[in-house]
Amino acid sequence: MLKLLRNSLLVVLAAAPLLVQAAPSAHEVVEQTTKQLLDDLKANKEAYQQNRQSFYDSLDRILGPVVDSDGISRSIMTVKYSRNATPEQIQRFESNFKRSLMQFYGNALLEYDNQGIRVLTAKAEGADRASVGMEVSGKNGAVYPVSYTMVQINGQWMLRNVIINGINVGKLFRDQFADAMQRNGNDLDKTIDGWADVVAKAKESAEGQQAGGQ
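Notes on the structure in this doc start here. (Residues numbered from 1 in each chain as written. Predicted model: local features only at pLDDT ≥ 70, side-chain atom pairs only at ≥ 80, totals over all residues. Heavy atoms only, no water.)

1. Notes on the overall build of the protein
Inclusion rule: Numbering of helices and strands runs from the N terminus; a helix is a DSSP stretch of H or I covering at least four residues, while a strand is a stretch of E covering at least two. Exposure classes here rest on a 1.4 Å probe applied to the protein chains alone. A residue is buried below 20% of its type maximum, exposed above 50%, and partly exposed in between. We call two residues in contact whenever any of their non-hydrogen atoms come within 4.5 Å of each other. Computed by Shrake-Rupley with a 1.4 Å probe, the accessible areas treat only the displayed protein chains as cover when residues are assessed.
For the protein, the helix and strand inventory stands at 8 helices and 6 strands. Among the 214 residues that make up the protein, the fraction classed as buried is 37%. Taking the intrachain contacts of the protein between residues at least 6 apart in sequence as the baseline, contacts between residues at least 24 apart amount to 54%. Summing over all exposed atoms, the protein offers an accessible surface of approximately 12700 Å²; the carbon and sulfur share of this is 52%.

Written out as structure tokens, the structure is:
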């Protein structure tokens, strides 16, 4: 019995450093996830260009655990629409949104061609909120700013929004969702089921804003 207790104590003492180890910071989450994404893309880019769905699946595997898809989905729907939505509708929209996000982000990432990327120091915006900047160097020498809004949920930093070269993706999607609801006569199911078309319009809007700013 004493031997069993002694061995159990040794196991607890050995595991103690792991238990007190701090969770990754907002900066570390962005930095580690970015490195994992780029390493995966570098190793499989040719195959992904032939089969984009496999790339979207890989993105979901890498990005999924650090994306607050529930928070983002509700933010896009806004309280105006989410408060009257059923749990099934919320979950369905979250699923459709997450799939479209991987496609939206993945298509842009496939255009990346080993340009320089630098993750900047995180800026605290409260106890559970921070922004992490990133600088992406283009082929033409221009530097494009990216800012990730991170929130801490149950001790883990997760992505809530991203601003790419001045384009606030969360706001862009939110505006497109509200517009789609108006066009669909406030039919939430129709808007959720047609979300892929909404994202396509958002992409066109973003490209138009980028072209206008050049």
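Once the structure has been displayed, the description carries forward.
2. What to know about the environment of Q53
Relative to the assigned elements, Q53 resides in helix α3 (residues 52–63). Considered as a pair, Q53 and M102 are 49 residues apart in the sequence and their alpha carbons are 9.7 Å apart.

3. Some details on the pattern of salt bridges
Quick reminder of the rule: Each salt bridge in this description consists of a side-chain nitrogen of Lys or Arg and a carboxyl oxygen of Asp or Glu lying within 4 Å of one another.
Under the defined criterion, the tally for this structure stands at 12 salt bridges. Two residues, R92 and E88, come together in a salt bridge whose shortest N-O distance is 2.8 Å. Of this pair, R92 and E88 are both found in helix α5 (residues 87–109), 4 residues apart, which corresponds to roughly one turn of the helix. Among the charged side chains, a salt-bridge network with shared partners connects E88, R92, D189 and D193.

4. Remarks on the layout of surface pockets
Put simply, the rule is: Only protein atoms enter the 1 Å grid used here. Points where a 1.4 Å probe fits but cannot escape make up a cavity, open sets with protein on both sides within 12 Å along at least five of seven lines make up a pocket, and a residue lines them when an atom lies within 4 Å of a point. Grid points are joined across faces, edges and corners, and a volume is the space filled by probe spheres set on the points. Amino acids outside the nonpolar list (Ala, Val, Leu, Ile, Met, Phe, Trp, Tyr, Cys, Pro) and the charged list (Asp, Glu, Lys, Arg) are all regarded as polar, and Gly is one of them.
Roughly 150 Å³ of volume is contained in the second largest pocket. At the level of elements, α4 (69–82), β5 (156–164) and α6 (169–183) are the ones that each hand at least two residues to the lining of the second largest pocket. The element contributing the most residues to the lining of the second largest pocket is α4, with 4 residues. Class assignment for the residues of the lining of the second largest pocket results in 3 nonpolar, 5 polar and 3 charged.

5. Concerning the packing of aromatic side chains
Quick note on the threshold: The pairing test for Phe, Tyr and Trp rings, Trp by its six-membered ring, is centres within 6.5 Å, and the orientation test on the planes gives stacked under 30 degrees, edge-to-face over 60, and tilted for anything in between.
The tally for this structure, following the rule as stated, stands at 8 aromatic pairs. Arranged with centres 5.0 Å apart and planes meeting at 80 degrees, the rings of F93 and W195 form a pair that is edge-to-face. Note that F93 is positioned in helix α5 and W195 in helix α8 (residues 195–213), a separation of 102 residues in sequence. The pair formed by F93 and W195 is uniform in burial state, with each residue classed as buried.

6. Overview of the packing of α4 against α5
Note the cut-off: Under this scheme, a helix contributes an axis fitted over its contacting stretch, all axes are lines through C-alpha atoms, and angles between N-to-C directions fall in the 0 to 180 degree range. Any angle from 65 to 115 degrees is called roughly perpendicular, while one under 35 is roughly parallel, one over 145 is roughly antiparallel, and all others are oblique. Less than a right angle of anticlockwise turn of the near helix away from the far helix marks a crossing as left-handed, whereas a clockwise turn marks it as right-handed.
The N-to-C vectors of α4 and α5 enclose an angle of 125 degrees; their axes lie 9 Å apart at closest approach. As summarised for this structure, α4 and α5 are arranged oblique, according to the angle between their axes. Our pair here, α4 against α5, has a crossing hand that is right-handed. Residues S69, D70, I72, S73, R74, I76, M77 and S82 of α4 form the contact with α5, whose participating residues are I90, F93, E94, F97 and K98. In terms of residue class, the contact of α4 with α5 is built from 6 nonpolar, 3 polar and 4 charged.

7. Side note on the packing of helix α2 (residues 26–50) against α3
Packing of α2 against α3 brings their axes to within 9 Å, and their N-to-C directions diverge by 165 degrees. It follows that α2 is roughly antiparallel to α3 by the angle criterion. Considering the relative orientation of α2 and α3, their crossing is right-handed. Across the interface between the two elements, T33, Q36, L37, D40, L41, Y48, Q49 and Q50 from α2 touch R52, S54, F55, S58, L59, R61, I62 and L63 from α3.

8. Some words on the nonpolar core
Quick reminder of the rule: Buried residues of nine kinds, namely Ala, Val, Leu, Ile, Met, Phe, Trp, Tyr and Cys, make up a nonpolar core once their side-chain atoms join them within 4.5 Å.
Core analysis: the biggest nonpolar cluster contains 51 residues, and M150, F173, F177 and W195 have the highest contact counts within it. At 7 residues, α5 tops the list of elements feeding residues into this core.

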